[in-house]
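The primary structure of each chain is shown beneath.
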Amino acid sequence: MRISIASAALVGLASQVAAIDPLVIKGSKVFNSKTGEQFFAKGIDYQPDILSTNQIRDPLADKAACSRDLPFLKDLGVNAIRVYQTEPYGNHDDCMKMLADAGIYVMLDLSTPTETIIRDSPAYDANLLGYYQRKIDAFGKYDNTFAFLAGNEVANAANNTDASAFVKAVVRDTKAYIKSKGLSIAVGYATNDDASIRWQMQTYFDCGPAEERADFYGLNNYEWCGDKATFETSGYANIVKNYTDWDIPVFMTEYGCNAIRPRTFPEVAAIYSNKMTDTFSGGFVYEYVEEPNKYGLVKISGSSGSKTEDYDNFKKALAAVNPKGVKMSSYSPSGKEQSCPDISNDWIASSTLPPTPSNATCDCMMKSLSCVSKLDAVPTSDSELKTFGETVGSIFGTVCGTIDCGDVSADAKSGKYGKYSGCNALQRVSWVMDAWYKNERGVDGSCDFDGFATVTSPELSSDSKCSDQKDSNSADGSSSGSNSDSSENTTSGAASVVASSVLAAAALAALL
């Protein structure tokens, strides 16, 4: 189902936020669900204050920062922001209410630098899914949350397109979770528009069963540079051609080349003209805050902000456009669903996705093992995590060269995923060490691995029923990870320990 309307349950949950009409996706267009008017995002990418600290920042939990920035956002005339990094733990009521009062919708990236699918060594476990589910819980109650991004530029070259299968699994599982909560917030993906994989990427996220497809697609594109460029010479004409007759909405999730300064944003006129409005639903200029890369519209200093040389130019460009859309009642979708790309030298992601990860399955498997890691959790410090990754990689390399480790392996190119491939790094390496221990018939020293492992008494006689175990908060009989434990780590006061598990799993995979 391609229509996404905020449900009555969502409206009730959002009572603490001033009323803002929920948005609805119908075919390849976005509409105001109350007025039926077509919606075009006049947006900006918003992530202030992320370079002053190594910590993950959550700007929507910072009332003072939102109070500082909202006057600029209102003055610019934006109606939407995209926020790259947030956490599910803080209180977002104040900022989300300020934004709703100003008529501003919010698109949120689900991932952070530590809770994400890593392109060169993708892994997806119940803890990562649980983190995404908690973020959905945190922001799903606000009417102005109109979209989530399951990934941003995860695959950026032919040799890492297998990561796309894991991101698409996130799309599937978060869509199912949103539906189970009585919500209908859209889930999409944003790409960097790499020419070598462009067509495969955009068709991949719009092919297959409806429950697996992205609800919308985002394009990060910086091709239009300066006033001398035109709709044709900038490549925008070809971009529109690539998405003509598409069956889902497409946004410019990043735009604003700064090779020629000051920026005058001539592309804004094109994005909101009839050359593009039949195909694109607006966009998000990059970016709000000034950083060393010189893309910002506002320079932040503590509790105050000041305009950069680009600010008034963007404001003027945005004020000059008035995109004309269609009424929802008179619109009949005619877009075409896509066929999944074939495996080739330029594309190595099967249309068969990783299974939904399950804590219950992995916990059951652990109870059947006789040889496990001595560690209770993945280390959190950089030095210890590096040592952990090297140790685990060495164990996998040694054991899996002799014993079939298919049960804990994932191969997105072939579409083959072991029944425990969605377990975290500690669980997977414990399975590997146990397999070696049993292969050696428990001889002395076969469960040592230089002091990394220990013998234990299994609670279960076998793992034969573990694959049938489902998490208690399953959306549709499949599993989820919202009940996973979390704790602090050194990069974020609220980041889960699971983030380190994902990173460790990535380090492990890179060594295989």
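Residues numbered from 1 in each chain as written. Predicted model: local features only at pLDDT ≥ 70, side-chain atom pairs only at ≥ 80, totals over all residues. Heavy atoms only, no water.

**Some words on the overall build of the protein**
Stage number 1. Check the secondary structure of the protein and you find 13 helices and 17 strands.
Stage number 2. Across the 512 residues of the protein, 58% fall into the buried class.
Stage number 3. The contacts of the protein with a sequence gap of at least 6 include a subset with a gap of at least 24, amounting to 78%. (Helix = DSSP H or I, 4+ residues; strand = E, 2+ residues; numbered from the N terminus. Buried < 20%, exposed > 50% of the residue type's maximum accessible area, 1.4 Å probe, protein only. Contact = heavy atoms within 4.5 Å.)

**Let's talk about helix α11 (residues 382-399)**
Stage number 1. In this model, α11 (18 residues) spans 26 Å end to end at C-alpha, consistent with the 26 Å of a helix rising 1.5 Å per residue.
Stage number 2. The complete set of buried residues in α11 reads L385, F388, G389, V392, G393, I395, F396 and V399. In an axial view of α11, the angular spread of the buried residues amounts to 160°, which keeps them on one side of the axis. Pointing more than 90 degrees away from the buried face of α11 are the exposed residues S383 and K386. (Expected span 1.5 Å × (residues − 1). Arc of directions from axis to C-beta.)

**Description of the pattern of salt bridges**
Stage number 1. Taken as a whole and judged by the stated rule, the model has 20 salt bridges.
Stage number 2. For the salt bridge of D62 with R57, the shortest nitrogen-to-oxygen distance reads 3.7 Å.
Stage number 3. Across the salt bridge formed by R263 and D310, the nearest N and O atoms sit 2.9 Å from each other. In this pair, R263 is assigned in the loop between β10 (250-255) and α8 (267-271) and D310 in the loop between β13 (304-307) and α9 (311-319), connecting sequence segments 47 residues apart.
Stage number 4. What makes R263 buried here is its relative accessible area of 2%.
Stage number 5. The structure contains a network of salt bridges with shared partners spanning R261, R263, E309 and D310. (Salt bridge = Lys/Arg side-chain N within 4 Å of Asp/Glu carboxyl O.)

**Looking at the packing of aromatic side chains**
Ring pairs (aromatic) are described by centroid distance and by the angle formed between their planes.
Stage number 1. Under the defined criterion, the tally for this structure stands at 27 aromatic pairs.
Stage number 2. Relative to Y105, the ring of F39 lies with its centre 5.3 Å away and its plane at 70°, an arrangement referred to as edge-to-face. In this pair, F39 sits in the loop between β3 (29-32) and β4 (41-45) while Y105 sits in strand β6 (residues 105-109), placing the two residues 66 residues apart along the sequence. For the residue pair F39 and Y105, the accessibility class agrees, reading buried in each case. (Phe/Tyr/Trp six-rings, centres within 6.5 Å; stacked < 30°, edge-to-face > 60°.)

**Quick notes on the side chain of T114**
Stage number 1. The topology assignment puts T114 in the loop between β6 and α4 (126-139).
Stage number 2. A polar side-chain atom of T114 sits 2.7 Å from a polar atom in the side chain of E115. (Polar contact = N/O pair within 3.5 Å; in protein donor to acceptor, adjacent residues only side chain to side chain.)

**Some remarks on the pairing of β6**
Stage number 1. Most of β6 sits out of view: five of its five residues are buried.
Stage number 2. Every second residue of β6 is oriented toward a common face, with Y105, M107 and D109 on one face and V106 and L108 on the other, all of them buried.
Stage number 3. Sheet topology places strand β5 (residues 80-83) next to β6; four bridges connect them, and they run parallel. Residue A80 lies in a different strand from β6, and its bridge partner there is Y105.
Stage number 4. For the crossover from β5 across helix α3 (residues 93-101) to β6, the handedness is right-handed.
Stage number 5. In this sheet, strand β7 (residues 145-152) lies alongside β6 in parallel orientation, the contact comprising four bridges. Residue pairing in the sheet places D109 in a bridge with L149 of β7. (Pairing = 2+ DSSP bridges. Right-handed = clockwise from strand over helix to strand, strands pointing away.)

**Regarding the state of the cysteines**
Structurally, a disulfide amounts to a covalent bond that connects the sulfur atoms of two cysteines.
Stage number 1. Per the counting criterion, the structure on display carries seven disulfides.
Stage number 2. Here C66 engages in a disulfide with C95; their sulfurs sit 2.0 Å apart. Since a negative S-S torsion denotes a left-handed disulfide, the C66-C95 link at about 105° is right-handed. Pair noted here: C66 is in helix α2 (residues 63-76) and C95 is in helix α3, with a separation of 29 residues, a long-range link.
Stage number 3. Judged by relative accessible area, which is 1%, C95 ranks as buried.
Stage number 4. Paired by a disulfide, C364 and C466 hold their sulfur atoms 2.1 Å apart. Taking the sign of the S-S torsion, about -75° here, the bridge from C364 to C466 comes out left-handed. Here C364, found in helix α10 (residues 359-367), pairs with C466, found in the loop between β17 (453-455) and α13 (497-511); they are 102 residues apart in sequence, far enough to count as distant. (Disulfide = S-S within 2.5 Å.)

**Examining the sheet that holds β4**
Sheet strands pair by backbone hydrogen bonding; their relative direction is either parallel or antiparallel.
Stage number 1. In space, the eight strands of this closed barrel follow the order β4-β5-β6-β7-β8-β9-β10-β11, with parallel pairing throughout. When strand polarity is set aside, the average angle formed by the axes of neighbouring strands in this sheet is 25°.
Stage number 2. Examined bridge by bridge, β4 and β5 share three bridges and lie parallel to one another. Directly across from I44, in β5, lies its bridge partner I81. (Axes fitted to C-alpha atoms, helices over the stretch in contact; angles between N-to-C directions.)

**Describing helix α5 (residues 163-180)**
Stage number 1. If you check α5, its first and last C-alpha atoms are 26 Å apart, about what 18 residues at 1.5 Å a residue would give, namely 26 Å.
Stage number 2. With 15 of 18 residues buried, α5 lies mostly within the body of the structure.

**Quick look at unusual backbone geometry**
Generally, phi is negative for residues other than glycine and the peptide bonds are trans, each holding for most cases.
Stage number 1. Residue P262 is bonded to the preceding R261 through a cis peptide linkage, with omega at 0°.
Stage number 2. Mapped onto the secondary structure, P262 falls in the loop between β10 and α8.
Stage number 3. Residue E287 is reached from Y286 by a cis peptide bond, and omega for that bond is 0°.
Stage number 4. Positive phi is not limited to glycine here, since D193 has a value of about 65°.
Stage number 5. Relative to the assigned elements, D193 resides in the loop between β8 (186-191) and α6 (198-204).
Stage number 6. Take D193: its relative accessible area is 9%, and that puts it in the buried class.

**A short note on the nonpolar core**
Here is a general trend for soluble globular proteins: nonpolar side chains tend to be buried in one another's company.
Stage number 1. Counting residues in hydrophobic clusters, the biggest one holds 90 residues, and the most contacted among them are L60, I81 and F314.
Stage number 2. In terms of residue count, the dominant contributor to this core is α5 (nine residues).
Stage number 3. When neighbours within four sequence positions are excluded, I81 is seen to be in contact with I44, Y46, L60, L73, L99, I104, Y105, V106, M107 and F284.
Stage number 4. Counting 31 residues, the second-largest nonpolar core is a separate cluster that includes V392, I395, I403 and F452. (Core = buried A, V, L, I, M, F, W, Y, C linked by side-chain atoms within 4.5 Å.)

**Quick notes on the environment of A377**
Stage number 1. Locating A377 in the fold gives a position in the loop between β14 (371-373) and α11.
Stage number 2. When its relative accessible area of 39% is taken as the criterion, A377 is described as partly exposed.
Stage number 3. As a C-alpha pair, A377 and A425 span 48 residues in sequence and 9.6 Å in three-dimensional space.

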